[in-house]
Amino acid sequence: YGDADPELTAAVSGTLGTDTVTYSLSRAEGETVEGSPYTITPAGEAAQGNYAVTYKTGTLTITKAGAADLGLSATGYEEVYDAQAHGIAASATVTEGTTISYSTDNETWSEKAPTWTDVTEAQTVYVKAENPNYETAAASATVTINPRPVTVTAENKTKAYGDADPELTAA
């Protein structure tokens, strides 16, 4: 898929010596894997000198391009907890006809990317990009939400001897 057509050729059998017959070749229109194979049609005069020519069609098969050609990328996330939902970012350079799916178990897939809000330790998200003209591309990335550092500082207090303890507070 995506390559230029190869040169269309035909095998001629039945002629003698250096005799030749004249013909042309064309193929059915289409450039996708789903429409493949496409008919290659030879054409020319049926009567050519000493020969009665019969024409037989052939096929051009378009196969899937490699997974790498989809250009799938997945970027993970690692930051400190901020009470917001976070996930990975995934994209493919080939967008027309491409579907990106996500999984946390590499078995159940959804087109909706999973997100996490609370502290999460290295959650792997698997990603696949599928397109009928390409082999399936796969990648993965991780989401890590680290604990937010919080400091509790006791406030200094004083009291006179014999008085009750003041309320203990912290900032």
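Residues numbered from 1 in each chain as written. Predicted model: local features only at pLDDT ≥ 70, side-chain atom pairs only at ≥ 80, totals over all residues. Heavy atoms only, no water.

Caption draft 1: Inspection of the packing of aromatic side chains at higher detail. Taken as a whole, this structure holds one aromatic pair when the rule is applied. With centroids separated by 5.4 Å and ring planes inclined at 70°, the aromatic side chains of Tyr-1 and Tyr-134 adopt a geometry described as edge-to-face. Of the two residues, Tyr-1 is situated in the segment before β1 (24-27) and Tyr-134 in strand β11 (residues 134-146); the sequence distance between them amounts to 133 residues. We note Arg-27 situated over the ring of Tyr-38; from NZ or CZ to the ring centre the distance is 5.2 Å. (Phe/Tyr/Trp six-rings, centres within 6.5 Å; stacked < 30°, edge-to-face > 60°. Helix = DSSP H or I, 4+ residues; strand = E, 2+ residues; numbered from the N terminus. Lys NZ or Arg CZ within 6 Å of the ring centre and 35° of its normal.)

Caption draft 2: A look at the sheet that holds strand β2 (residues 38-43). The antiparallel open sheet is built from three strands, whose spatial order is β1-β2-β5. The sheet is open, and its two borders are formed by β1 and β5 (58-60), each paired with just one other strand. Ignoring which end each strand starts from, the neighbouring axes of this sheet average 30° apart. Where β1 and β2 come together, four bridges link them in antiparallel fashion. The residue of β2 that forms the bridge with Ser-26 is Thr-41. (Pairing = 2+ DSSP bridges. Axes fitted to C-alpha atoms, helices over the stretch in contact; angles between N-to-C directions.)

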